[in-house]
Amino acid sequence: DQQVKQNSPSLSVQEGRISILNCDYTNSMFDYFLWYKKYPAEGPTFLISISSIKDKNEDGRFTVFLNKSAKHLSLHIVPSQPGDSAVYFCAASGLTGNQFYFGTGTSLTVIP
Amino acid sequence: DAGVTQSPTHLIKTRGQHVTLRCSPISGHKSVSWYQQVLGQGPQFIFQYYEKEERGRGNFPDRFSARQFPNYSSELNVNALLLGDSALYLCASSVDISYEQYFGPGTRLTVT
């Protein structure tokens, strides 16, 4: 049972444009959400997080939006750069925070 | 500061054998989690340890076990290896249970 879903396996964006990666979840008890970036042959790298008390969190070119009523979050990258090309995973955890559930990932390609 | 380190990098084992994977967390991090990632999927939670105690366990058989040492390093043990255990095993550390997790590069296990 996949509690965190990333329905787009891949996404291609022109350099300088906005990349929008989407993530849906089914468990209403989730209250902490994270995005990770993964390059081949490396472990996932933490990008940005958001707790359920917020609906937006920004860090430089990266912004995460949370819509609790829709059980949906998105990661915006503006402007996109070729170095952003990687697989992006969203993850979620509940109040105890002792288990993170990951989506299946979206492979982003930024075209120069 | 050094990031999360894992050893070995790669490992080839035969069905029925036993394997031990090792992880050293970031200095100051007291929580270690283990994940299994198969090709095309997101990381699947196996265990979380905090202050040497198991705080969470994913849906994995009893062949999987782990422990955390007083220096917060951790071992993941898998007995009676099956072909389906072939995967990338990731270790992640965090300051505390509910904080963002930082991943190591992983151990690639191949069972033949």
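See above for the structure.
Below is a summary of the structure that appears in this document.

Each value, and the rule that gives it
Residues numbered from 1 in each chain as written. Chains lettered and ligands numbered in written order. Predicted model: local features only at pLDDT ≥ 70, side-chain atom pairs only at ≥ 80, totals over all residues. Heavy atoms only, no water. Contact = heavy atoms within 4.5 Å. Buried area = accessible area lost by both parts, 1.4 Å probe. Salt bridge = Lys/Arg side-chain N within 4 Å of Asp/Glu carboxyl O. Helix = DSSP H or I, 4+ residues; strand = E, 2+ residues; numbered from the N terminus. Disulfide = S-S within 2.5 Å. Buried < 20%, exposed > 50% of the residue type's maximum accessible area, 1.4 Å probe, protein only. Pairing = 2+ DSSP bridges. Axes fitted to C-alpha atoms, helices over the stretch in contact; angles between N-to-C directions.

So, on to the interface of chain B and chain A. Tallying the contact residues gives 23 residues for chain B and 19 residues for chain A. With both sides pooled, the region where chain B packs onto chain A buries about 1,500 Å², and carbon together with sulfur makes up 55% of that total. Counting across the interface, chain B meets chain A through 0 salt bridges. Elements with a minimum of two residues in the side of chain B that touches chain A: β4 (31-37), β5 (44-50), β6 (53-57), β9 (87-94) and β10 (102-103) of chain B.

We now examine the state of the cysteines. By the definition in use, this model includes 2 disulfides over all chains. For Cys23(A), the disulfide goes to Cys90(A), at an S-S distance of 1.9 Å. Taking the sign of the torsion about the S-S bond as the criterion, the disulfide between Cys23(A) and Cys90(A), at about 65°, is right-handed. Linking Cys23(A) in strand β3 (residues 19-25) with Cys90(A) in strand β9 (residues 86-93), this pair joins segments that are 67 residues apart in sequence. There is no split in this pair, since Cys23(A) and Cys90(A) are both buried. The partner cysteine of Cys23(B) in its disulfide is Cys91(B), sulfur to sulfur 1.8 Å. Because the torsion about its S-S bond is -65°, the bridge between Cys23(B) and Cys91(B) counts as left-handed. With Cys23(B) in strand β3 (residues 19-24) and Cys91(B) in strand β9, this residue pair connects regions lying 68 residues apart in the sequence. Summarising the burial analysis for this pair, Cys23(B) and Cys91(B) share the class buried.

Let us look at the sheet that holds strand β1 (residues 5-7) of chain B. Residue and element names in this part refer to chain B. In spatial order, the strands read β1-β3-β8-β7; together these 4 strands make up an open sheet with antiparallel pairing. The strands lining the two open edges of the sheet, one partner per strand, are β1 and β7 (64-68). Going from strand to strand, the sheet's axes swing by 15° on average, the running direction of each strand aside. The pairing of β3 with strand β8 (residues 74-78) spans 5 bridges and is antiparallel. Each residue of the ladder has a partner; that of Arg22, found in β8, is Glu75.

What is shown is where atoms sit, not what they do.
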